[in-house]
Amino acid sequence: MNGNSLLSAFEQMLTIRAFEERAEQLFYQNDVRGSVHLGIGQEAVAVGARAALRAGDLVAPTYRGHAYALAWGMPLFAAFGELFGRAIGSNRGRGGSKHFADLDRGVLPANAIVAASLPIACGTAFAARLDRREEITLVPFGEGATNQAVFHESMNLAVLWDLPVIFLCENNLYSEMTPIARMSRNVDISERARAYPMPSAIADGMDVTAVAEAVSGAADRARRGEGPTFIEAKTYRFCGHMAGDSEPYRTKEEVAEWRNRDPIDKVRRELQEKGRTSGELEAISQTVSTAVMEAEVAAREATLPSVLDIGLGAANWMEVER
Amino acid sequence: MTSLVTSPTRTLTYREAIREALQLEMERDANVILMGEDIGDYGGVFKVTLGLLDAFGPERVIETPIAEAGFVGAAIGAAIRGKRPVVELMFMDFALVAADQLFNQAAKLRFISGDQLRIPLTIRTQQGVGSGTAAQHSQSLEALFMQIPGFAVALPSTPSDAKGLLATAIRSDDPSIVIEHKMLYASKGEVPEGEHLVPFGQAAIRRVGSDLTLVSYSRSMQTVLGAAEELAASGIEAEVIDLRTIMPIDWDMVLESVGKTGHLVVVHEGHRTGGVGAEIAARVAELAGADLRAPVGRVCGLDIPVPYAASLESAWLPQQPDVVRGAKRVLAR
Ligand SMILES: Cc1ncc(C[n+]2csc(CCOP(=O)(O)OP(=O)(O)O)c2C)c(N)n1
């Protein structure tokens, strides 16, 4: 990545980190309902992928999808608004943390059924191919999702139909509370791509530039009409599976070791090597904190959705009266 | 329904009527695409799509691998991006293989997104007993689609309705399922030429009567109309309503008829427990209980899986004598 892209990646990663840290606190304060799945530590994957794609390309995230929505430009105000269940929330208060959607910016509704977004991503890519549009759909998912039947169905469809879709596996080593080694005999999940057969790559998911390079190669192939690519980004979440996870399944040492590889610190070091001063970088960090704080305050003050907007229009056939 | 403009009709089979709707909608709108197993050269297992691959080419008639969740999901994605996919699920039973995509995805994504997207998806499938297809290829599962909000559910009983309901489904901007009946494909009827749309939520009175209301849909309509003639021979005049869609249901027509007759029997192939008849009985009791002069009766498929042997299968299915008996029982109370 060149200096400017790296600087903007730095700012995006800081924004996502600050948003998610607030989301976690808000959950503990009971300001956020349900469950919150954070990707703290995994920011380089979403941001690297975004940097390699164009405006207009789609993303079909999972419940661990805040980073993708924000990287695709969803306003912080709409994100906090959705967490708070406000009318100005990205989904008008109907979805919450697991379902951020912003169709105008290319963010399909984040999906809370493991692997369900994969065939849907094949479908959006299929529509683009039929309409001869140079549009790519990126579909991120965890390594656990690769044991679902629809994962295999989607990989096969994508190859069979030469779909402009990029399968981005965020291998964070655990699906919920279980290490991947207890669920699959594949050491590298990307080995599975060969069966379809689909080209694949492994990227260091803690390095935004490495992710961007891998996705960029995949995007070039897709835009040339050469079909899908599977990318396995080796990454790690510093937080639990969900806010409130007591994390008995891994050691503090393991977490500390991965924290030493914090993708944001890495970008900060790289920017300094490229001549950015720590003062400059600190100023960016301050701007981000202020923006996040202001968005949170504004969203909290926003009005609740009208019960008339509970969504009875969401299927014409739903009955109105009780 | 009487229509002011009567387009000329001719006799078609149910199968031909469905094919005509597909063809006309594909000619009308280039975004209409077909997806499903064996639907190309072979024309689908029930030959409904025969000839459409030749007419429209492989970008409009898309043969899929045997991956129901995968291709229903792909149809949802394509629909979100402006296509109007018509997916053939070879047997209704296979909807269960695609259940997540149907019920958690298609039925919900517009809602979840805060109405940022629409899913103009049509599922075409067939169900029902009659040819010995046994427990995994005979189920009538329409009640599932009625129970989970998000789909319009049509069950045509005639070739004309098969054409008109399918055309309406394809033009709808939200998910619909058109459930055909495997024993009706060869049945014949008058079908309007050219554009023919049957709106959702408009039932049809197939026989006028004043003693009792019989409500049904799909192939059970034939049984019910036969039973109504048999009842007439013993002096009982049944009003027969063909619901045509069970989501939405034409409650006005059902309630008006019950207001007149005071007696209601619902007939369908699907299981009795938790079935469409249960919903109709409950709703009529809630909204017009005072009009009822006897509790609502139900004549349904048995609450066991569908058996194979012809003798067992016909015992499983509600037959004309069952409907006659059910009607007389309600009238005797
Ligand atoms: C079909 C389905 N099964 C189970 C769950 C519960 N669940 C939520 S997240 C998760 C783990 C998924 O792990 P992985 O795919 O590796 O993604 P990660 O959460 O690590 O990002 C599970 C089992 C679910 N949401 N959907």
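Residues numbered from 1 in each chain as written. Chains lettered and ligands numbered in written order. Predicted model: local features only at pLDDT ≥ 70, side-chain atom pairs only at ≥ 80, totals over all residues. Heavy atoms only, no water.

1. What about the overall build of chain B?
To be explicit about the condition: Every helix listed is a DSSP run of H or I at least four residues long, and every strand listed is a run of E at least two residues long, numbered separately from the N terminus. Exposure categories follow from relative accessible area, calculated using a 1.4 Å probe and restricted to protein chains: below 20% of the type maximum is buried, above 50% is exposed, and the middle band is partly exposed. Here, residues are in contact when the closest pair of their heavy atoms is within 4.5 Å.
The number of helices and strands found in chain B is 12 helices and 14 strands. Dimensions of chain B, computed from the C-alpha atoms along their principal axes, are close to 60 × 45 × 40 Å. Taken over 333 residues, chain B has a buried fraction of 62%. Considering only contacts within chain B whose residues lie at least 6 apart along the sequence, 82% involve residues at least 24 apart.

2. As for the pairing of strand S2 (residues 137-142) of chain A
Regular strands place their side chains on alternate faces of the sheet. All names here are of chain A. Cut-off, in case you're wondering: Paired strands, in this sense, are two strands between which DSSP finds at least two bridges. Orient the strands so they point away from the viewer; a crossover is then right-handed if the path from the first strand over the helix to the second runs clockwise.
The element S2 is extensively covered by neighbouring structure, given that 5 of its 6 residues are classed as buried. By the bridge criterion, 2 bridges tie strand S1 (residues 58-59) to S2 in an arrangement that is parallel. Pairing of Val 59 across the sheet is with Leu 138, part of S2. Here S2 pairs with strand S3 (residues 165-171) via 6 bridges, running parallel. From the neighbouring strand, Val 139 faces S3, where its bridge partner is Phe 167. For the crossover that starts at S2, traverses helix H6 (residues 149-160) and ends in the parallel S3, the hand is right-handed.

3. Regarding unusual backbone geometry
A cis geometry characterises the amide bond from Tyr 196 of chain A onward to Pro 197 of chain A, with omega recorded as -5 degrees. For Pro 197 of chain A, the location among the structural elements is in the loop between strand S5 (178-179) and strand S6 (200-204). The residue after Met 247 of chain B, namely Pro 248 of chain B, is reached through a cis peptide bond having omega 0 degrees. Relative to the helices and strands, Pro 248 of chain B resides in the loop between strand S12 (245-247) and helix H9 (251-261). A positive phi is found at Leu 173 of chain A, a non-glycine position, where the angle reads about 75 degrees. Examined against the element boundaries, Leu 173 of chain A turns out to sit in the loop between S3 and strand S4 (174-175).

4. Concerning the sheet that holds S3 of chain A
Residue and element names in this part refer to chain A. Heads up, the rule is: Lines fitted to C-alpha atoms define the axes, with helix axes restricted to the stretch in contact, and inter-axis angles between N-to-C directions lie between 0 and 180 degrees.
Strand order in the open sheet formed by 5 strands is S1-S2-S3-S7-S6, and the pairing between neighbours is parallel. Looking at the sheet topology across the chains shown, the edges are occupied by S1 and S6. Note: S6 against strand S7 (residues 229-234), 5 bridges, orientation parallel. Across the sheet, the residue bridging to Ile 202 is Glu 232, located in S7. Sitting on the sheet, helix H5 (residues 117-130) touches S1, S2 and S3, and the angle it makes with S2 is about 170 degrees.

5. A closer look at the pattern of salt bridges
Inclusion rule: Salt bridges are defined as contacts in which a side-chain nitrogen from Lys or Arg sits within 4 Å of a carboxyl oxygen from Asp or Glu.
Summed over the entire model, instances satisfying the criterion amount to 49 salt bridges over all chains. When the shortest N-O distance is used, the salt bridge between Glu 247 of chain A and Arg 250 of chain A registers 2.8 Å. You can call Arg 250 of chain A buried: its relative accessible area is 8%. A salt bridge links Asp 115 of chain B to Arg 110 of chain B; the nearest nitrogen and oxygen atoms lie 3.3 Å apart. A single salt-bridge network, built from bridges that share partners, covers Arg 92, Arg 94 and Asp 309 of chain A together with Arg 110, Asp 115, Arg 118 and Asp 174 of chain B.

6. Comments concerning the site of the ligand
Residues and elements named next belong to chain A. This is how the line gets drawn: The rule for a residue being near a molecule or strand is that one of its heavy atoms must lie within 4 Å of it. Between N or O atoms, a polar contact is any pair within 3.5 Å; within protein, one atom must be a potential hydrogen donor and the other a potential acceptor, and residues adjacent in sequence are included only when both atoms are from side chains. All accessible areas in this document rest on Shrake-Rupley with a 1.4 Å probe, and a residue is counted as covered only by the protein chains that are shown. Any residue that is not Ala, Val, Leu, Ile, Met, Phe, Trp, Tyr, Cys, Pro, Asp, Glu, Lys or Arg is counted as polar, Gly included; the first ten are nonpolar and the last four charged.
Around the ligand sit 15 residues, and of these Tyr 63, Arg 64, Ala 112, Gly 144 and Ala 145 come closest. Between Glu 176 and the ligand, the recorded distance is 3.0 Å, taken from a side-chain N or O atom to a nitrogen atom. Relative to its unbound accessible surface of 580 Å², the ligand loses 75% to contact with the protein. Partitioned by chemical class, the residues of the shell around the ligand number 6 nonpolar, 6 polar and 3 charged.

7. A look at the packing of H9 of chain B against helix H10 (residues 276-288) of chain B
Residue and element names in this part refer to chain B. Quick reminder of the rule: Each angle gets one of four labels, with under 35 degrees taken as roughly parallel, over 145 as roughly antiparallel, 65 to 115 as roughly perpendicular, and the rest as oblique. Helix crossings fall into two classes, left-handed where the near helix is turned counterclockwise from the far one by less than a right angle and right-handed where it is turned clockwise.
Packing of H9 against H10 brings their axes to within 11 Å, and their N-to-C directions diverge by 65 degrees. Between H9 and H10, the crossing angle belongs to the class labelled roughly perpendicular. For the crossing formed where H9 meets H10, the hand is right-handed. Across from Trp 251, Val 254, Leu 255 and Val 258 in H9, the residues of H10 making contact are Glu 279, Ile 280, Arg 283, Val 284, Leu 287 and Ala 288. Residues of the contact of H9 with H10, tallied by class, amount to 8 nonpolar, no polar and 2 charged.

8. A closer look at the packing of H6 of chain A against helix H3 (residues 68-80) of chain B
The interhelical angle for the contact between H6 of chain A and H3 of chain B, taken along N-to-C directions, is 65 degrees, at an axis separation of 8 Å. Every pair of crossing elements has a handedness; the one defined by H6 of chain A and H3 of chain B is right-handed. For the pair formed by H6 of chain A and H3 of chain B, the contact residues are Val 150, Glu 153 and Leu 157 of chain A on the first element and Glu 68, Ala 69, Gly 70, Phe 71 and Ala 74 of chain B on the second. A breakdown of the residues in the contact of H6 of chain A with H3 of chain B according to their chemical character gives 5 nonpolar, 1 polar and 2 charged.

9. Some points on the side chain of Ser 160 of chain B
Residue and element names in this part refer to chain B. When you line up the elements, Ser 160 lands in helix H7 (residues 159-171). The class for Ser 160 is buried, based on a relative accessible area of 15%. Ignoring any residue separated from it by four or fewer positions in sequence, one finds Ser 160 in contact with Glu 190, Val 191, Pro 192, His 196 and Val 198.

10. Brief notes about the environment of Arg 221 of chain A
Residues and elements named next belong to chain A. One can find Arg 221 in helix H7 (residues 208-223). Leaving out residues up to four positions away in the same chain, Arg 221 has contacts with Pro 199, Glu 226, Gly 227, Pro 228 and Thr 229. One polar contact links the side chain of Arg 221 to the main-chain carbonyl oxygen of Glu 226, over a distance of 2.8 Å.

11. So, the domain arrangement of chain B
When the parts come together, some accessible area is lost, and that loss is often what is quoted as the size of the interface. All names here are of chain B. This is how the line gets drawn: Domain start and end points were adopted from an automatic or database domain assignment. As used here, buried area is the combined drop in accessible area, with a 1.4 Å probe, of two parts when they are placed together.
Under the domain assignment used here, chain B contains domain 1 (4-197) and domain 2 (204-332). Relative to domain 2, the C-alpha centre of domain 1 lies at a distance of 26 Å. On the side of domain 2, 25 residues touch domain 1, which itself brings 26 residues to the contact. Here domain 1 meets domain 2 over a buried area of about 2100 Å², counting both sides, of which 61% is carbon and sulfur. The largest contributions to the domain 1 side of the interface with domain 2 come from Val 129, Met 146 and Leu 155, which together make up 29% of the buried area. Taken together, the connections running from domain 1 to domain 2 amount to 2 salt bridges. Residue Arg 206 pairs with Asp 161 through a salt bridge whose shortest N-O separation is 2.7 Å. Taken together, domain 1 and domain 2 are joined by 14 residue pairs in polar contact (both at pLDDT 80 or more). Contributions of two or more residues to the side of domain 1 that touches domain 2 are made by helix H6 (142-147), strand S6 (152-154) and H7. Residues of the side of domain 1 that touches domain 2, tallied by class, amount to 14 nonpolar, 10 polar and 2 charged.

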